[in-house]
Amino acid sequence: MDFSSPLQPVSRWWQFCIYERHIEMSTPTTAQRIGTFAFDARASHLTPQARMVFKRNILDSLGCAIAALPGKPFKALREQFDEYRGSGSCSLIGGGKTSPDQAALYNSGLVRYVDLLDSYMSPGGLCHPSDNFGAILAAAEHASASGEAFMLALAVAYEIGCRITAIVPVMAKGFNHAIQLAVSAAAGSGKLLGLDAEQIAHAIAIATIDNISLACVHSEPVSQWKGFSPGITGMRAVYSASLAKRGFTGPLRLFEGPNGLVRMFDQPLDIDWSDQQLEIIHQTVMKKYCSLIHGQPVLEATLELKRTHGLVGDDVDEVVCDIFQSGFDIAGGGSFGPKDDPQTKEQADYNLKYLIAAALLDDQVGPAQLEPARVQGADAQMLLKKVTVRSDAEFSSQYPGELNVRVTIHCTDGRVLTRKHAGFEGGLDNPFSWERTVEKFHWLSEQYADEELRGQIIKLVSTLEEHPIAELMELLAKVSPAPRFPATHRGIQ
């Protein structure tokens, strides 16, 4: 019997499948393209202007980290480090040594804790590029890197995380932005640890495949883990890079493979990874108040009304805040849950009702306003119940190009005071200068470092390329983990 005829079409089909599979497997995956981008990055790709802005953001991250040192979670982390491992190669801000991965967790947690860190905003959401800071810092110290190499690896991490954020509305898809952080932190760490392009790709795959972070981490009641999720991501990224250096391989089709991130995101990642520019730093924005980024224009408007009209808490009968939809959903009582009864720091900094009340009562929203005793204060709890937050369709249509809000205060004497506010100091239209960042650093660190030590840190960051990262870590280890010096700064006004 002749079976050749019916088998011929099957054979041709099978050969075609093999050919297609060969083409698919020979084309670099997204993880490999990102790995090549990270490996090929050179110090010459950092323009003088970008270097200046990176130094600003680095100093800002250090100020945020130092201000967080008394936070209760950090005492618990130190106890855990002692239990699981003793001394190691990496320094903790505020003194002490541990392993690189645990230093990444600790120092990343510090940067995030008081919610004053930088942000990058896109139509689909945002990320905090300085979430990379603790991981890249740990990898740099472990590798005995130069300040120049640290800044380059940090720039690579910023670029990767922000490029993904720019095209994928991660939170709208139900995910937290710690997903792209796993990619960026692994790439930056791998570069510092001396991995080649293929090893960096494997580090990215290992770090990311088990780091599918969900947006519901922001839902009420907001927990401590919202602020420490990036730290655990950075911890895994550093560890993953070390594994990849030793030959561990990861699923390189992390994005394109069956049920990979392309399917999860329901869109491709059309990013030109051959573009070696490291300029995304110019699109980052800074914070003046301890609040999510959406609250910055709200607090500026509230404080301007308070100061212009000499208001005190007893003058306020009602406050109405109109804001764009994203701000309402996350912090105004929208889809992430009600904001009527905050009790903790984590609930307070994501709660526009409390933040407005604190601003009206204390004339400032800094680390002190996030202390649980202040959040639970009878005056704050009473005033926040007079605050209504609403979404505004016009403001929503303009977001994130413009962060427009309107704050209206109805006074007990019958006055109605309204302030429509566009943007905020620290935003793209009104960026923080180096001098303003230095002022913020002094405000945040004055209780933990004397004037001489603060000056040494500022000077070293301003000339970071000229120093090994070990010199910066030596200074940061001298910072007191508990308040030792008087608080005299009123906060940046």
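These figures come from a predicted structure and were not determined experimentally.

Undergrad: Help me get a handle on the overall build of the protein chain, residues and values and all.
TA: Looking only at helices and strands, one finds 21 helices and nine strands in the protein chain. Taking 2.2 N^0.38 as the reference for a compact globule, 493 residues should give roughly 23 Å; the C-alpha atoms of the protein chain span a radius of gyration of 24 Å, in line with that estimate. Considering the protein chain as a whole, with its 493 residues, one finds that 59% of them fall into the buried category. Intrachain contacts of the protein chain at a sequence separation of at least 6 include 77% that bridge at least 24 residues. Of the roughly 19600 Å² of accessible surface on the protein chain, a fraction of 54% belongs to carbon and sulfur atoms. Of note, the protein chain has its 44 positive side-chain charges centred 2 Å away from the centre of its 57 negative side-chain charges.

Undergrad: Tell me what's going on with the side chain of Lys-191, and back it up with residues and numbers.
TA: With respect to the helices and strands, the residue Lys-191 is situated in helix H8 (residues 178-192). For Lys-191, the side chain forms a polar contact with the main-chain oxygen of Phe-39, separated by 3.1 Å.

Undergrad: Tell me about the sheet that holds strand E8 (residues 404-411), and please be specific about residues and values.
TA: Sheet strands associate in pairs through backbone hydrogen bonding, adopting either a parallel or an antiparallel arrangement. The four strands lie next to each other as E7-E6-E8-E9, forming an open sheet whose pairing is mixed. Bordering the open sheet on either side are strand E7 (387-391) and strand E9 (416-422), each of which pairs with just one other strand. This sheet shows a mean twist of 15° between the axes of neighbouring strands, independent of strand direction. The sheet contact formed by E8 and E9 spans seven bridges and is antiparallel.

Undergrad: Describe the environment of Arg-163, naming the residues involved and giving the relevant values.
TA: Tracing the backbone through its elements, the reader meets Arg-163 in helix H7 (residues 147-167). For Arg-163, a relative accessible area of 10% gives the class buried. C-alpha separation for the pair Arg-163 and Arg-85, spaced 78 residues apart in sequence, amounts to 36 Å. Those residues in contact with Arg-163, other than ones at most four positions away along the chain, are Phe-37, Ile-271, Asp-272, Trp-273, Asp-275 and Gln-277. For Arg-163, the side chain forms a polar contact with the main-chain oxygen of Asp-272, separated by 3.2 Å. Among the polar contacts made by the side chain of Arg-163, one reaches the main-chain carbonyl oxygen of Asp-275 at a distance of 2.8 Å.

Undergrad: Please give an account of the pattern of salt bridges that cites residues and values.
TA: A full pass over the atoms with the stated rule returns 26 salt bridges. Here Lys-353 makes a salt bridge to Asp-340, at a shortest N to O gap of 2.7 Å. Here Asp-340 lies in the loop between helix H13 (325-331) and helix H14 (345-348) and Lys-353 lies in helix H15 (residues 352-362), a separation of 13 residues in the sequence. The residue Asp-363 makes a salt bridge to Arg-490 at a minimum N-O spacing of 3.6 Å. In this pair, Asp-363 sits in the loop between H15 and helix H16 (372-375) while Arg-490 sits in the segment after helix H21 (469-477), placing the two residues 127 residues apart along the sequence. Note on Asp-363: relative accessible area 19%, which makes it buried.

Undergrad: Give a description of the pairing of strand E3 (residues 119-122) that names residues and reports values.
TA: Going residue by residue along E3, you find Ser-119 and Met-121 tucked away on one face and Tyr-120 and Ser-122 tucked away on the opposite face as well. Here E3 pairs with strand E5 (residues 284-285) via two bridges, running antiparallel. When the sheet's bridge partners are listed, Ser-119 is paired in E5 with Val-285. By the bridge criterion, three bridges tie E3 to strand E4 (residues 125-127) in an arrangement that is antiparallel. Across the sheet, Tyr-120 pairs through a bridge with Cys-127, a residue of E4. Hairpin connection, E3 to E4: the antiparallel pair is bridged by two residues.

Undergrad: Summarise unusual backbone geometry; cite the residues concerned and give the values.
TA: Residue Pro-221 is reached from Glu-220 by a cis peptide bond, and omega for that bond is -5°. Of note, Pro-221 is situated in the loop between helix H9 (197-209) and helix H10 (225-245). A cis amide bond, omega 0°, links Tyr-399 with the succeeding residue Pro-400. On the secondary structure map, Pro-400 appears in the loop between helix H18 (393-398) and E8.

Undergrad: Explain the packing of aromatic side chains to me, using residue names and the numbers behind them.
TA: Summed over the entire model, instances satisfying the criterion amount to ten aromatic pairs. Ring centres of Phe-74 and Phe-228 lie 5.5 Å apart, and the angle between their planes is 50°; this geometry places the pair in the tilted category. Of this pair, Phe-74 sits in helix H4 (residues 72-84) while Phe-228 sits in helix H10; the two residues are 154 residues apart in sequence, bridging distant segments of the chain. Neither Phe-74 nor Phe-228 differs from the other in exposure class; each is buried.

Undergrad: Outline the nonpolar core, supporting the account with residue identities and numerical values.
TA: Among the nonpolar cores identified, the biggest contains 160 residues, and Ile-58, Leu-62, Phe-150, Ile-160, Ile-323, Ile-409 and Ile-457 are the most heavily contacted of them. By residue number, the principal contributor to this core is H7, which donates twelve residues. Leaving out residues up to four positions away in the same chain, Phe-150 has contacts with Ile-58, Phe-133, Ile-136, Leu-137, Ala-140, Leu-192, Leu-464 and Ile-469.

Undergrad: Quick one: what's the story with the sheet that holds E5, residue by residue and with numbers?
TA: Pairing within the open sheet is antiparallel, and its three strands lie in the order E4-E3-E5. Single-partner strands in this sheet number two, and they are E4 and E5.

Undergrad: Please set out the environment of Gly-94 residue by residue, giving values where relevant.
TA: Mapping Gly-94 onto the fold places it in the loop between strand E1 (90-91) and strand E2 (97-98). Along the chain, Gly-94 and Ile-66 lie 28 residues apart, while their C-alpha atoms are 7.6 Å from each other. Sequence-distant contacts of Gly-94, that is, excluding residues within four places in its chain, are made with Leu-69, Arg-78, Leu-476, Ala-477, Val-479 and Pro-481.

Undergrad: How would you summarise H9 if you had to cite specific residues and measurements?
TA: When the terminal C-alpha atoms of H9 are compared, their 18 Å separation across 13 residues agrees well with the 18 Å that a helix rising 1.5 Å per residue should span. The buried fraction of H9 is high, at ten of 13 residues. Taken as a whole, H9 has its buried residues at Ala-197, Ile-200, Ala-201, His-202, Ala-203, Ile-204, Ala-205, Ile-206, Ala-207 and Thr-208. The opening residue of H9 is Asp-196, an N-cap whose side-chain oxygen sits 3.1 Å from the backbone nitrogen of Glu-198.

Undergrad: Lay out the confidence of the model for the protein chain in plain terms, naming residues and giving numbers.
TA: In this model, the protein chain carries an average pLDDT of 93, and 95% of its residues clear a pLDDT of 70 or more. Throughout residues 1-23 the model reports pLDDT below 50, and contacts reaching past four residues in sequence, or to other chains, amount to one contact.

How each quantity is defined
- For every chain, the first residue of the written sequence is number 1, and numbering continues from 1 along that sequence.
- The model is predicted, so local features are restricted to residues of pLDDT at least 70 and side-chain atom pairs to those at 80 or more, both for listing and for counting; the totals for chains, interfaces and linings are taken over all residues.
- Side-chain numbers here rest on the full set of heavy atoms in the structure, without hydrogens or water.
- By the criteria applied, helices consist of DSSP H or I runs no shorter than four residues and strands consist of E runs no shorter than two, each listed in order from the N terminus.
- Every radius of gyration here is taken over C-alpha atoms, with the globule rule written as 2.2 Å times N^0.38, N being the number of residues.
- Each residue's exposure class comes from its accessible area (1.4 Å probe, protein chains only) as a fraction of the maximum for that residue type: buried when under 20%, exposed when over 50%, partly exposed otherwise.
- Contacts are residue-level and defined by heavy atoms, with any inter-residue pair within 4.5 Å sufficient.
- A 1.4 Å probe and the Shrake-Rupley method give the accessible areas. Residues count as covered only by the protein chains that appear here.
- Working convention for charge: Lys and Arg count positive, Asp and Glu count negative, and His plus the chain ends are omitted.
- Here the site of a charge means NZ on Lys, CZ on Arg, CG on Asp, or CD on Glu.
- For this analysis, a polar contact is any N or O atom pair within 3.5 Å, provided that within protein one partner can donate a hydrogen and the other can accept it, and provided that sequence-adjacent residues contribute only side-chain to side-chain pairs.
- Pairing between strands is defined by DSSP: at least two bridges between them are needed.
- Between N-to-C directions, angles span 0 to 180 degrees; the directions come from axes that are lines fitted to C-alpha atoms, helices contributing only their stretch in contact.
- Here a salt bridge means any side-chain nitrogen of Lys or Arg lying within 4 Å of a carboxyl oxygen belonging to Asp or Glu.
- Here the aromatic set is Phe, Tyr and Trp, taking the six-membered ring for Trp, and pairing holds for ring centres within 6.5 Å; pairs whose planes are under 30 degrees apart are stacked, those over 60 apart are edge-to-face, and all others are tilted.
- Side-chain atoms within 4.5 Å link the members of a nonpolar core, which is a set of buried Ala, Val, Leu, Ile, Met, Phe, Trp, Tyr and Cys residues.
- Multiplying 1.5 Å by the residue count of a helix minus one yields the expected span of that helix.
- Known as pLDDT, the predictor's confidence for each residue is given on a scale from 0 to 100.

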